[in-house]
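# Fold and contact review
Listed below, chain by chain, are the residues.
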Amino acid sequence: MECNAIRQAVCANEVVYDSVVEVPLENDVILPDYCPDIVKVLKCTVNACVSSTQVQGRQMTLEGLCTVHLLYLGEDSAGSSLQLRSIDTRMPYSKTVDLKGEAQRLLVLAQMHSSYCNCRAVSKRRLELKLSLSHRVCALSAGEQQLIGDSAEDTQQPQGLQLRKRMLEQCCFVAQPREIIDIREELELGGSKPAVRSMISSRGCAVMSDHKLISGKIVTKGELRITVLYNGESSTEEGAQSEKENIQQMDFVLPISAVIDAPGADDGCLCLADYSLCELEISPKLDQNGENTLFELEAKVSATAQVCRIQQAQVADDCYSTRYECEGQLRPLSFLESMQPVEESCLYKGEVELPEGVEEILSGWGQVSGSAVRFEEQEGKQTAVLQVNLDLCLLALDADGSIQFYNKTEQMECPFAAGAGDDSRLLFCPQLTVVGFDYNRTTANLAVRCEVQVRGMLCRLKRCNLLEEVTVDESKPIEHDQDCSLTIYYADAGETLWEIAKRYHTAMQSVLEANSQLELSPQAGVSKREMLLIPILSH
């Protein structure tokens, strides 16, 4: 018959997907009429933003938006000079993958693993794009299991059930909300900057500086950092300017704030929130004097969060009865033991050797082109090592005033402490954002400083076997020596009181009381060979 046991709900998490998701994309791009003909493609960059994840049965669908930014040299209408221009192409994408099992709720950890883009000019007005996006995705089901946590003895018909209890500290998944923030702003050029003759390119990033969880709401704030490259107008006094003198760069910082709905979350929950820039469009705008001294900005920023609650649950992993034969049924349980928020910056510092003939640096920026995570263990401590491929990009003028583009890929590693090493599994899929880029030119080299923001949950997944059912057979009582109330047992070092009490079908608490003169612990093993008094229960 089933024992008199108390069950409770315990959080359970199973990895239902853990792989790299490849998304191939193709597109033909026709240049708008206002864009000059293509002479040379300088740089093709890819930015991908996952906008939603949906689960249905044993399938999960990722939906996102990919923006391809093409920087090129174009020929002006007279064909006398080359102009620096760019064009953005947006491609929504969707990818469905099979899960290992059904899940009603999922905690999805996704990281941009790498991107590849092949851009070929088929003609002066047409481009052929072939690209591949790689997302590192780990999805965990979020459910519950009913497990035995305590016994409830019947005083009229006691079963003598003994449970080896333990406390589990768990991170129980609460919510993973996502909101899209629409931003529309009018930006003004600085007083010393010339009016806009034509746009060259724009880039940006969204940086979260603070977030706070209040009664089912996550209040966030941060910045949208924008860099605009444009050709400036020439004044009549100055006459015709060279391309070198016309190229201007303008930086803007806009405050962002948003409130994300997080049902079920409260002040006691653990929360990590982040921003990512999904769309950016900037165009020049006339001011009241009829000059292009304004920019019209439209952007979409994805605000995401991962919310969990730390709680303790009492469970049992072994059993016996002091009165009857007893059998326990174990169930494997996988659960999140910890979720450690990582909100740090990795700093790249290095020198780039400049090619010969570089006269002036017009603009520079950094971009993450790939990343991977590996885990190391040394002296009982685990470390998550983030490997980052960083593209350092430079626009420059040579001695003839011609525009040149230089690109160099550097690698850097960022270690993050992951706690004590054990048999648990570590999961880490951080979001990477370049939030700062500075350079200082020496004689032949360029000293570069690039800051990459790292945000993500470092998760520790634990697996153990716990009691799900206990059966006590009252038709098979345990036979005790009625003439003996106490026996002597010589315990070897390392033996536990639980093992000894179970062998003699006596209560572990009785063993502790009978040997109170010794420093014994219910959890730890005997430190050295000891003589123990074992009470023999009679019924």
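What counts as what
- Residues numbered from 1 in each chain as written.
- Predicted model: local features only at pLDDT ≥ 70, side-chain atom pairs only at ≥ 80, totals over all residues.
- Heavy atoms only, no water.
- Buried < 20%, exposed > 50% of the residue type's maximum accessible area, 1.4 Å probe, protein only.
- Helix = DSSP H or I, 4+ residues; strand = E, 2+ residues; numbered from the N terminus.
- Arc of directions from axis to C-beta.
- Contact = heavy atoms within 4.5 Å.
- 1 Å grid on protein atoms, 1.4 Å probe; cavity = no way out; pocket = protein on both sides within 12 Å on 5 of 7 lines; lining within 4 Å.
- Points joined across faces, edges and corners; volume = space filled by probe spheres on them.
- Nonpolar A, V, L, I, M, F, W, Y, C, P; charged D, E, K, R; others polar.
- Pairing = 2+ DSSP bridges.
- Axes fitted to C-alpha atoms, helices over the stretch in contact; angles between N-to-C directions.
- Disulfide = S-S within 2.5 Å.

Moving on, we get to helix H2 (residues 497-504). Taken together, the buried positions of H2 are Leu 497, Trp 498, Ile 500 and Ala 501. End-on view of H2: buried residues confined to an arc of 165 degrees, all on one side of the axis. Buried residues along H2 sit in contact with strand S9 (161-175), strand S15 (294-321), strand S23 (486-491), helix H3 (508-514) and strand S24 (530-535). Downstream of H2 by one or two residues, His 505 has phi in the positive range, about 50 degrees.

Approximately 540 Å³ is the volume attributed to the second largest pocket. If you go around the second largest pocket, you meet 20 residues; those closest to its centre are Tyr 34, Ser 86, Ile 87, Met 199 and Ile 282. Of all the elements in the fold, those that place two or more residues in the lining of the second largest pocket are strand S4 (59-75), strand S5 (82-98), strand S11 (196-214) and strand S14 (270-285). Residue composition of the lining of the second largest pocket, grouped by class: ten nonpolar, six polar and four charged.

With that settled, the discussion passes to the sheet that holds S11. Across the sheet, three strands lie side by side as S11-S12-S13; this open sheet has antiparallel pairing. Of all the strands in the sheet, the pair left with one neighbour each is S11 and strand S13 (247-261). Between one strand and the next, the sheet's axes are offset by a mean angle of 15 degrees, whatever the strand orientation. When strand S12 (residues 217-232) meets S13, the two strands line up antiparallel, connected through 15 bridges. Paired with Ile 218 across the bridge in S13 is Ile 260.

Moving on to the state of the cysteines. Applying the stated criterion across every chain, the model contains three disulfides. Across the disulfide from Cys 11 sits Cys 172; the S-S distance is 1.9 Å. Note on the Cys 11 and Cys 172 pair: the S-S dihedral is about 110 degrees, so by sign convention the disulfide is right-handed. With Cys 11 in strand S1 (residues 5-12) and Cys 172 in strand S9, the pair connects residues that are 161 residues apart, well separated along the chain. In this structure Cys 172 comes out as buried when scored by relative accessible area, which is 5%. A sulfur-sulfur separation of 2.2 Å characterises the disulfide bridge that pairs Cys 346 with Cys 414. One end of the pair, Cys 346, is in strand S16 (residues 324-353); the other, Cys 414, is in strand S19 (residues 403-420), with 68 residues separating them in the sequence. Relative accessible area serves as the criterion here: at 5%, Cys 346 is assigned to the buried category.

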